Amino acid sequence: MRIVSVVGARPQFVKLAPIAKAARDAGVEHVIVHTGQHYDPMLSDTFFCDLGIPTPDVNLNVGSGSHGVQTGQMLAALDPVLEDYSPNWVLVYGDTNSTLAAALSAVKMHLPVAHLEAGLRSFNRRMPEEHNRVVVDHVADLLLAPTSLAAQNLKAEGLESSTVIVGDVMVDVLLDVRDKVIGHVSRAKQSLGLSKDNYYVATIHRADNTDDPARLSAILDALGSLDKPSVLLVHPRLAVKATAWGMKIGRGNLHEHPALAYPDLVAAVLSSAGVVTDSGGLQKEAFLLRVPCTTVRTETEWSETVDCGWNVLAHDPGTIPKAVMRPIPPPTDATPYGDGHAAQDVIKALAQHSDVSSGGVYGTGRLVSLQPTTHTIE
């Protein structure tokens, strides 16, 4: 069996790490295609090194651009790559333009598509990520859902027959990295002279928060007004927008810092008093590390983190301080995202249903009588 993984952004590199290992352990041929959507070395190259991911077999070096331009360039570049490798599965991850382009390219070439992290829904159609994940779920042949809730979303859209619940691969890699960095002093913590549990880690990058200068400034003001120092890890999008607006990022108790390599990010979050973010991945990582999170959005795909009390939504910048400085949530032993063996289950599911590539059921565009695995996450 040959799998082609298509990735292009930081959260996808994290998800790729355990998949690459599970494929290697199972003796499966695994080809990695990097679209180049994230071209900053701290958001790309160092992740492959730090997480032990093999060097990509193909790098498209697409870079930045509008959604249409970027996705179109990826489509044009992916067609000959997928034709050359002719895999049993094209495995796409999450909700980025790389995911959409790879899924569309594969479907047009009649190659089976498996969507890792299928079924997540924010129900906010203003978000490009929501467009991407919904479209991909409806063209993919195998939907690898991370949670029961994600599977329920797919069932509501008539996609139950192609859904398998495998758990969340980010749990696999996070638990491994966590164990390795316990006691490690983060670069951000060290360079700013911060002490344990006496600072917040922040990331802001989504268009809804960065494209309006008044809103972005209000968010930065809120972070600067917190009772402890806030370390804002500056995403390239935020840097570009702040420069365009002539806006100073650091203010009050807010300190800007370059993006961190993944192990360093985990170490920084582990010793922090809380996280403030609009990132989907970091919300969940904070929950798994049992660090309180405040999400600067109106909704979240990871509603389990809110249900457990470890994540609070704060869309209005004025509510950020109160949300961040709330009492520590009660302890929980909930494991809605699995037990750290999701990647193995992904490879097993792909092997079990590899007959899709033989042409037996592909013509229907949907797998037949495919039921969730018995180890569903409650």
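Please read all numbers here as calculations on a predicted model, not as lab measurements. (Residues numbered from 1 in each chain as written. Predicted model: local features only at pLDDT ≥ 70, side-chain atom pairs only at ≥ 80, totals over all residues. Heavy atoms only, no water.)

(A) Highlighting the pattern of salt bridges. According to the stated counting rule, one finds 23 salt bridges in the structure shown. The salt bridge involving Arg2 is made with Glu29; its shortest N-O contact spans 3.1 Å. Taken together, the residues Arg2 in strand β1 (residues 2-7) and Glu29 in strand β2 (residues 29-34) connect sequence positions 27 residues apart. Judged by its relative accessible area of 39%, Glu29 falls in the partly exposed class. Where Arg251 meets Asp221, a salt bridge forms, and the shortest distance between an N and an O atom there is 2.8 Å. Of this pair, Arg251 sits in the loop between α11 (236-245) and β10 (254-258) while Asp221 sits in helix α10 (residues 213-224), placing them 30 residues apart in sequence. Among the residues examined, Asp221 registers a relative accessible area of 42% and is labelled partly exposed. (Salt bridge = Lys/Arg side-chain N within 4 Å of Asp/Glu carboxyl O. Helix = DSSP H or I, 4+ residues; strand = E, 2+ residues; numbered from the N terminus. Buried < 20%, exposed > 50% of the residue type's maximum accessible area, 1.4 Å probe, protein only.)

(B) Main features of the packing of helix α1 (residues 10-25) against helix α16 (residues 342-352). Between α1 and α16, the least distance of the axes is 8 Å, while the angle of their chain directions is 55°. In terms of their interaxial angle, α1 and α16 are classed as oblique. Where α1 crosses over α16, the two elements pack in a sense that is right-handed. Contact residues: Pro18, Ile19, Ala22 and Ala23 in α1; Ala343, Gln344, Val346 and Ile347 in α16. Class assignment for the residues of the contact of α1 with α16 results in 7 nonpolar, 1 polar and no charged. (Axes fitted to C-alpha atoms, helices over the stretch in contact; angles between N-to-C directions. Parallel < 35°, antiparallel > 145°, perpendicular 65-115°, else oblique. Left-handed = near helix turned anticlockwise from the far one by under 90°. Contact = heavy atoms within 4.5 Å. Nonpolar A, V, L, I, M, F, W, Y, C, P; charged D, E, K, R; others polar.)

(C) Representation of the pairing of strand β4 (residues 89-93). Most of β4 sits out of view: 5 of its 5 residues are buried. Taking every second residue as pointing to the same face, both faces of β4 are buried, with Trp89, Leu91 and Tyr93 on one and Val90 and Val92 on the other. One ladder, built from 4 bridges, connects β1 with β4; its direction is parallel. Within the sheet, the bridge partner assigned to Val4 lies in β4 and is Val90. Once the chain exits β4 it traverses helix α4 (residues 97-108) before rejoining the sheet at strand β5 (residues 113-116), and the crossover so formed is right-handed. (Pairing = 2+ DSSP bridges. Right-handed = clockwise from strand over helix to strand, strands pointing away.)

(D) Spatial organisation of the sheet that holds strand β7 (residues 163-165). Read across the sheet, 7 strands follow the order β3-β2-β1-β4-β5-β6-β7 without closing on themselves; strand pairing throughout is parallel. In this open sheet, the two strands that pair with only one neighbour each are β3 (58-59) and β7. Sheet topology places β4 next to β5; 4 bridges connect them, and they run parallel. Of the residues in β5, the one forming a bridge with Val90 is Val113. With respect to the sheet, helix α3 (residues 67-85) is in contact with β1, β2, β3 and β4, its orientation differing from that of β1 by roughly 160°. The strands touched by α16 are β1, β4, β5, β6 (142-145) and β7; relative to β6, the strand with the most contacts, the crossing angle is about 160°.

(E) Expanded view of α10. Across its 12 residues, α10 extends 16 Å between first and last C-alpha, which sits within 8% of the 16 Å expected from 1.5 Å per residue. Residues Arg215, Leu216, Ile219, Leu220, Ala222, Leu223 and Gly224 constitute the buried set of α10. The residue sitting at the N-terminus of α10 and contributing the capping side-chain oxygen is Asp212; that oxygen lies 3.0 Å from the backbone nitrogen of Ala214. (Expected span 1.5 Å × (residues − 1). Polar contact = N/O pair within 3.5 Å; in protein donor to acceptor, adjacent residues only side chain to side chain.)

(F) Molecular detail of the confidence of the model for the protein. For the protein, per-residue confidence averages 89 on the pLDDT scale, and residues scoring 70 or more make up 91% of the total. Contacts from residues 358-378, a stretch scored under 50 in pLDDT, to residues over four places away or in other chains number 55 contacts. (pLDDT = per-residue confidence, 0-100.)

(G) Representation of the pairing of β10 in the model. Pairing of strand β9 (residues 230-234) with β10, which is carried by 5 bridges, proceeds in the parallel orientation. By the bridge assignment, Val231 is partnered in β10 with His255.

(H) Looking closely at the nonpolar core. Grouped together as the largest cluster of nonpolar side chains are 92 residues, with contacts concentrated most on Ile19, Val33, Leu51, Leu91, Leu144 and Tyr262. When sequence neighbours within four positions are dropped, the list of residues in contact with Tyr262 reads Arg10, Val14, Phe47, Asp50, Leu51, Leu174, Val177 and Glu285. Listed in part, the 22 residues of the second largest apolar core include Leu238, Met247, Leu254 and Ala314. (Core = buried A, V, L, I, M, F, W, Y, C linked by side-chain atoms within 4.5 Å.)

(I) The arrangement of the packing of aromatic side chains in detail. Applying the stated rule across the entire model yields 2 aromatic pairs. Between the aromatic rings of Phe287 and Tyr337, the centroid separation amounts to 6.0 Å while the plane-to-plane angle is 85°, which identifies the pairing as edge-to-face. Highlighted residues: Phe287 in helix α13 (residues 280-288) and Tyr337 in the loop between α15 (320-324) and α16, separated in sequence by 50 residues. Considered together, Phe287 and Tyr337 belong to a single accessibility category, that of buried residues. An angle of 85° between the planes, with centres 5.3 Å apart, marks the rings of Trp302 and Tyr337 as edge-to-face. Taken together, the residues span a long stretch of sequence, with Trp302 in the loop between β12 (293-295) and α14 (303-307) and Tyr337 in the loop between α15 and α16 at a distance of 35 residues. Each member of the pair, Trp302 together with Tyr337, is buried. Taking the ring centre of Trp302 as reference, the NZ or CZ of Lys284 above it sits at 3.7 Å. One cation-aromatic arrangement involves Lys284 over Tyr337; the distance from NZ or CZ to the ring centre is 6.0 Å. (Phe/Tyr/Trp six-rings, centres within 6.5 Å; stacked < 30°, edge-to-face > 60°. Lys NZ or Arg CZ within 6 Å of the ring centre and 35° of its normal.)

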